[in-house]
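# A look at the structure
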Amino acid sequence: MKPSLVSLLALVAGCTVVVRPPAEPRREPPPQERPPEQQPPPVTVVILEVPPGHLPDPGECRLWYPGTPPGRQPRPRSRPCEGLAEIAPAGSWIVYRPNYDRRLAYVRVVDERRPGIVIRVRIFDLETYRLVREELPQEQRPPVQPPTVQPPPVQPPPAQPPPAQPPPTPPPPPPLSPLFRAAPLAVPTEQLPDLGECRLWIPSAPLIQEPLPRSRSCQGIAAIAPPRTWIVYRPSDNSRLAYIGVEDERRAGVLIRILVYDLATTHLVRDELPQADWPPVQPPRVERPPIQPPVQPPPIQPPPAQPPPVQPPPVQPPPAQPPPAQPPPVQPPPVQPPPAQPPPAQPPPAQPPPAQPPPPPVTAATLNVPPGHLPELGECRVWIPGVPPGLQSRPKSRSCDGIVASARAGSWILYRPANEPKVVYVRIIDERRAGIVVRVQVFDIQSKRLVREESP
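Residues numbered from 1 in each chain as written. Predicted model: local features only at pLDDT ≥ 70, side-chain atom pairs only at ≥ 80, totals over all residues. Heavy atoms only, no water.

The subject of this paragraph is the overall build of the protein. The helix and strand inventory of the protein stands at two helices and 15 strands. Counting the 456 residues in the protein, one finds 29% classified as buried. The contacts of the protein with a sequence gap of at least 6 include a subset with a gap of at least 24, amounting to 41%. Summed over all atoms, the accessible surface of the protein reaches about 33,500 Å², with 60% contributed by carbon and sulfur. (Helix = DSSP H or I, 4+ residues; strand = E, 2+ residues; numbered from the N terminus. Buried < 20%, exposed > 50% of the residue type's maximum accessible area, 1.4 Å probe, protein only. Contact = heavy atoms within 4.5 Å. Areas by Shrake-Rupley, 256 points an atom, 1.4 Å probe, with all protein chains shown as cover.)

Now the structure itself:
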């Protein structure tokens with residue numbers, strides 16, 4: 001009995017099940033979050049989305065819809081900036097390229113909900129197409145308040161004279177337009193006109209192509225100024241300033257603004273509106289004759305002393321001579337006939353005038369001006385040889401009055417007479433002297449060949 005009990009206990013011990021509690025899952029430590037002040041700020045780079053071929057011409061503007069493909073943008077690609085902001089739709093851009101700095105592009109951003117309301121102005125560099133700076137529009141800038149002038153303290157005794165009052169603070173000048181900021185004077189000092197006189201200047205043109213003379217009278221210069229030129233004027237009462245009259249981009253003789261520069265710093269001082277009598281004409285200088293000293297009469301010289309007259313020696317009578325021997329009679333010579341007289345000198349016959357040199361032979365020169373770029377009948381235009389037709393000066397057709405005086409050196413003046421519609425006259429300007437016609441060539445429009453050549 002005892003052995004069977006021991007075996008039963010051993011069997012029960014072998015079938016015992018040990019129950020253990022389940023192991024807890026391993027917990028990972030939470031990641032340490034970086035505080036917001038230690039995270040670097042995001043870097044944003046604003047890039048201009050307008051391709052180079054869709055930018056407006058210098059001095060003009062265009063509308064641009066951001067997010068729209070270039071082929072679906074509104075036309076024209078380039079137009080004058082006057083009145084464009086009033087018709088700009090909501091959310092559009094007004095792209096402007098200044099004429100004084102062609103490396104910049106000004107983008108005026110219109111409000112997303114209000115058409116014609118500019119909320120900011122962005123300035124981009126066209127070399128990198130990145131944003132340079134951002135400005136407020138002209139009408140939203142806070143006005144500059146002059147400093148308040150404190151009243152002088154009350155003087156105790158009335159007998160004492162009051163202290164000198166400080167001069168009134170002049171009002172601050174109006175802020176300059178962002179389109180004409182950072183524009184140094186592009187005319188060298190040695191090329192400026194004399195005091196009280198003017199000159200024409202072509203911006204961004206080589207110095208050899210600038211019109212002459214360097215200094216002339218201001219009378220009538222605004223009427224003959226071509227488009228896209230400057231009229232440089234130096235007032236006689238202030239030698240430190242230079243006035244720049246900016247001509248319209250397309251209309252000759254039309255001033256759109258006047259810029260005033262300081263010659264010491266070449267910085268823009270102010271921007272003025274053009275006036276009807278600008279530039280002022282100085283009265284001609286009256287040259288006074290020099291004062292001649294009074295002419296002194298020559299001193300009276302006493303007559304020179306006359307020597308005493310020389311007395312001739314007394315005349316002695318000749319001595320008596322014996323009578324001479326008589327020679328034999330001389331026969332008279334035979335009578336000779338009178339010599340033949342030479343005929344009277346006749347005046348030389350009149351020489352005919354020297355023959356004029358024949359005109360130069362007509363060569364097989366051809367006219368390199370496309371028919372679509374010729375002026376209208378009875379009008380003229382300026383053509384620069386060697387320059388593509390799309391880059392020629394405007395307008396294509398204008399009146400011929402004063403066009404020769406404003407033509408630059410080496411250019412052509414094309415003229416189509418109203419009575420000869422099949423020919424065109426080409427007046428060739430001297431290569432070094434502006435406004436001097438050296439010859440006139442007549443071309444046939446259909447064959448583009450030289451017909452004849454005339455003297456100017």
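Next up on the list: the packing of aromatic side chains. For any pair of aromatic rings, geometry is given as the distance between the ring centres together with the angle between the planes. In the structure shown here, the tally under the stated rule is four aromatic pairs. For the pair Tyr96 and Tyr106, a centre-to-centre distance of 6.3 Å together with 55° between the ring planes defines the contact as tilted. Of this pair, Tyr96 sits in strand β2 (residues 93-96) while Tyr106 sits in strand β3 (residues 104-110); the two residues are 10 residues apart in sequence, bridging distant segments of the chain. Using a relative accessible area of 0% as the deciding quantity, one classes Tyr106 as buried. Through a chain of ring-to-ring contacts, three or more aromatic side chains come together here, namely Tyr233, Tyr243 and Trp278. (Phe/Tyr/Trp six-rings, centres within 6.5 Å; stacked < 30°, edge-to-face > 60°.)

This next bit is on the nonpolar core. Membership of the largest hydrophobic core comes to 14 residues, with the highest contact counts inside it found for Cys198, Leu200, Ile221, Ile231, Tyr233, Tyr243 and Trp278. A total of three residues in this core trace back to one element, the largest contributor, which is strand β9 (residues 255-262). (Core = buried A, V, L, I, M, F, W, Y, C linked by side-chain atoms within 4.5 Å.)

What follows concerns the sheet that holds strand β4 (residues 118-125). Read from one edge of the open sheet, five strands run β1-β2-β3-β4-β5, paired in antiparallel fashion. The strands lining the two open edges of the sheet, one partner per strand, are β1 (61-64) and β5 (130-135). Ignoring strand direction, the axes of neighbouring strands in this sheet form an average angle of 25°. Pairing analysis gives seven bridges linking β3 to β4, with the strands arranged antiparallel. Within β4, the position partnered with Arg108 by the bridge is Val121. (Pairing = 2+ DSSP bridges. Axes fitted to C-alpha atoms, helices over the stretch in contact; angles between N-to-C directions.)

Further remarks concern the sheet that holds strand β8 (residues 241-247). Taking strand neighbours across the sheet as the criterion, the five strands line up as β6-β7-β8-β9-β10 in an open arrangement whose pairing is antiparallel. Edge strands, defined here as strands with exactly one partner in the open sheet, are β6 (198-201) and β10 (267-272). Strand-to-strand twist across the sheet, computed as the mean angle between neighbouring axes with direction ignored, equals 25°. Both β9 and β10 contribute to a ladder of five bridges, which runs antiparallel. What sits directly across from Asp262, in β10, is His267.

Once that is clear, we can look at the state of the cysteines. A full pass over the atoms with the stated rule returns three disulfides. A sulfur-sulfur distance of 1.9 Å marks the disulfide that ties Cys61 to Cys81. An S-S torsion of about 90° defines the bridge between Cys61 and Cys81 as right-handed. With Cys61 in strand β1 and Cys81 in the loop between β1 and β2, this residue pair connects regions lying 20 residues apart in the sequence. (Disulfide = S-S within 2.5 Å.)

What follows covers empty space enclosed by the protein. Considering all chains together, one arrives at one cavity of 30 Å³ or more under this definition. Approximately 30 Å³ is the volume attributed to the largest cavity. In this structure, the largest cavity is lined by Leu367, Val369, Pro371, Leu374, Ile445 and Lys448. Here the lining of the largest cavity is composed, by residue class, of five nonpolar, no polar and one charged. (1 Å grid on protein atoms, 1.4 Å probe; cavity = no way out; pocket = protein on both sides within 12 Å on 5 of 7 lines; lining within 4 Å. Points joined across faces, edges and corners; volume = space filled by probe spheres on them. Nonpolar A, V, L, I, M, F, W, Y, C, P; charged D, E, K, R; others polar.)

The full count for this structure, using the stated rule, is 15 salt bridges. Notably, a salt bridge pairs Glu272 with Arg270, separated by 2.6 Å at the nearest N-O pair. Under the relative-accessibility criterion, Glu272 is labelled partly exposed at 24%. A salt bridge links Glu376 to Lys396, with the nearest nitrogen and oxygen atoms 3.8 Å apart. Here the residue Glu376 occupies a position in the loop between β10 and β11 (380-383), and Lys396 occupies one in the loop between β11 and β12 (412-415), the gap between them amounting to 20 residues. Classification of Lys396 by relative accessible area gives partly exposed; the value is 31%. Salt bridges linked by common partners bring Arg120, Arg122 and Glu134 together as one network. (Salt bridge = Lys/Arg side-chain N within 4 Å of Asp/Glu carboxyl O.)

Residue placement: Pro388 occurs in the loop between β11 and β12. By relative accessible area, which is 46% here, Pro388 ends up partly exposed. With 19 residues separating them along the chain, Pro388 and Val369 place their C-alpha atoms 9.7 Å apart.

With that out of the way, let us pick up the side chain of Glu249. Position of Glu249 among the secondary structure elements: in the loop between β8 and β9. We classify Glu249 as buried; its relative accessible area is 12%. Here Asn99 takes part through its side chain, which lies 3.4 Å from a polar atom of the side chain of Glu249. For Glu249, the side chain forms a polar contact with the side chain of Arg228, separated by 3.0 Å. Beyond its immediate stretch of four places on either side in the chain, Glu249 contacts Pro58, Gly59, Asn99, Pro227 and Arg228. (Polar contact = N/O pair within 3.5 Å; in protein donor to acceptor, adjacent residues only side chain to side chain.)

The subject of this paragraph is the confidence of the model for the protein. Model confidence for the protein is summarised by a mean pLDDT of 77, while 64% of its residues fall at 70 or above. Across residues 140-146, where pLDDT falls below 50, the model places 10 contacts with residues more than four positions away in sequence or in other chains. (pLDDT = per-residue confidence, 0-100.)

Take unusual backbone geometry next. Note that the residue after Arg75, namely Pro76, is joined by a cis bond; omega there is 5°. Here Pro76 lies in the loop between β1 and β2. The step from Arg394 to Pro395 runs through a cis peptide bond, and the omega angle for that step is 0°. Mapped onto the secondary structure, Pro395 falls in the loop between β11 and β12.

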